[in-house]
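Here is what each chain is made of, one letter per residue.
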Amino acid sequence: MTCWYEGPLAAFDTETTGVDVETDRIVSAALVVQDAPGTRPRVTRWLVNPGVPVSAAATEVHGLTEEHLQRNGRWPAPVMYEVAQALAEQAAVGRPVVVMNAPFDLTLLDRELRRHRASSLDRWFERSPLLVLDPRVLDKHLDRYRKGRRTLADLCAHYEVELEEAHDAAADATAALEVTRAVGRRFASRLERLSPGELHTLQAVWHAAQARGLQAWFARTGTEETVDPAWPLRPDLPAAA
């Protein structure tokens, strides 16, 4: 039987107006689907006019200006529907979806669905659950004592995965997918017997433990930042925008 990291995988990524999942907006998104390692992936891209200002800091990260998005982006409501539908299609066929730092991208998508569609991301997976693989959580659990940051660029360097056009949603999704395959191969003895469904459940436990550890470190260093232990989706807040 083919191990999950040698089989069909998809990957999802977004670019946004900022880093606050409750108030910031999606400006671009991409879904990459690959049937097997080394095969040409199928890429779906979305460009969004968020309807709110795009800061210079955000543009500096992803290169998408407010003017460009107003001219070429689509309104959020139909895009969020299409994105959720595309992810639901992956869930329906049991294809795992790689999402680097899943609580960020998936929570942002959930808030956009609530904002523009009076819906939620969970509603799309009532029949078939979304199986998420988060390379950040996997790497941090499997190689927990390695020093250094674990951004996508750092993971690509560590696992020798090429990252072209960083902060382009399709490029980042493709790189995250390849990193996840590389993590699977490197830690095959610990992962090959686990199904994507089992891994999904385990990652929620691993992420919560990682969040508790980071929160304890923040407490020791006097940092007031709060770490959310929820994975892969943060619960809705009553004050969400």
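Above this text is the structure in question.
Calculation rules
Residues numbered from 1 in each chain as written. Predicted model: local features only at pLDDT ≥ 70, side-chain atom pairs only at ≥ 80, totals over all residues. Heavy atoms only, no water. Helix = DSSP H or I, 4+ residues; strand = E, 2+ residues; numbered from the N terminus. Contact = heavy atoms within 4.5 Å. Core = buried A, V, L, I, M, F, W, Y, C linked by side-chain atoms within 4.5 Å. Buried < 20%, exposed > 50% of the residue type's maximum accessible area, 1.4 Å probe, protein only. Salt bridge = Lys/Arg side-chain N within 4 Å of Asp/Glu carboxyl O. Axes fitted to C-alpha atoms, helices over the stretch in contact; angles between N-to-C directions. Parallel < 35°, antiparallel > 145°, perpendicular 65-115°, else oblique. Left-handed = near helix turned anticlockwise from the far one by under 90°. Nonpolar A, V, L, I, M, F, W, Y, C, P; charged D, E, K, R; others polar. Pairing = 2+ DSSP bridges.

Let's shift gears to the side chain of Thr180. With respect to the secondary-structure elements, Thr180 resides in helix α7 (residues 169–186). Those residues in contact with Thr180 that lie beyond four places of it in its chain are Trp4, Val98, Leu133, Pro135 and Leu138.

Take the nonpolar core next. Phe12, Leu106 and Leu109 are the most contacted members of the largest nonpolar core, which totals 60 residues. Considering every element that reaches this core, the biggest residue donor is helix α3 (residues 76–92), with eight residues. With sequence-adjacent residues up to four places away left out, Leu109 is seen in contact with Phe12, Ile26, Met80, Val83, Leu87 and Leu121. In terms of nonpolar packing, the next biggest core, distinct from the first, is built from five residues, Val27, Val54, Leu64 and Leu69 among them.

One pass over the full model with this rule turns up 16 salt bridges. The salt bridge involving Arg115 is made with Glu112; its shortest N-O contact spans 2.6 Å. Of the two residues, Arg115 and Glu112 both sit in helix α4 (residues 102–117), three residues apart, roughly one turn of that helix. Taken together, the salt bridges that share partners define one network made up of Glu22, Asp110, Arg111, Arg114 and Asp236.

Moving on to the environment of His68. Along the polypeptide, His68 turns up in helix α2 (residues 66–72). For the pair His68 and Met80, spaced 12 residues apart in sequence, the C-alpha to C-alpha distance is 19 Å. Every residue in contact with His68, bar those within four places of it in the chain, is listed here: Leu47 and Gly73.

Let us look at unusual backbone geometry. Put simply, Trp231 and Pro232 share a cis peptide bond, and its omega is 0°. Checked against the element boundaries, Pro232 lands in the segment after α9 (196–221). Its identity is not glycine, yet Asn101 carries a phi of approximately 55°, on the positive side. Take Asn101: it is sitting in the loop between β4 (97–98) and α4. At Ala118, a residue that is not glycine, the phi angle is positive and equals roughly 50°. Position of Ala118 relative to the elements: it lies in the loop between α4 and β5 (132–133). For Ala118, a relative accessible area of 62% gives the class exposed.

This part takes up the packing of helix α5 (residues 135–142) against α7. For the pair α5 and α7, interaxial distance at closest approach is 10 Å and the crossing angle is 30°. Classified by the angle their axes make, α5 and α7 are roughly parallel. For the element pair α5 and α7, the recorded crossing hand is left-handed. Residue-level contacts link Pro135, Leu138 and Leu142 of α5 to Ala176, Val179, Thr180 and Val183 of α7.

All right, on to the packing of α3 against α4 then. Across the interface, α3 lies against α4 with an axial gap of 9 Å and an inter-helix angle of 130°. The angle between α3 and α4 places the two elements in the oblique class. Considering the relative orientation of α3 and α4, their crossing is left-handed. On α4, the residues touching Pro76, Ala77, Pro78, Met80, Tyr81, Val83, Ala84 and Leu87 of α3 are Leu109, Glu112, Leu113, His116 and Arg117. Residue composition of the contact of α3 with α4, by class: 10 nonpolar, one polar and two charged.

Before going further, it helps to examine the sheet that holds β5. Ordered by their spatial adjacency, five strands build an open sheet running β3-β2-β1-β4-β5, and the pairing between neighbours is mixed. A single partner strand is all that each edge strand has here, and the edge strands are β3 (42–47) and β5. Sheet topology note: the β4/β5 ladder contains two bridges and is parallel. Pairing of Val97 across the sheet is with Val132, part of β5.

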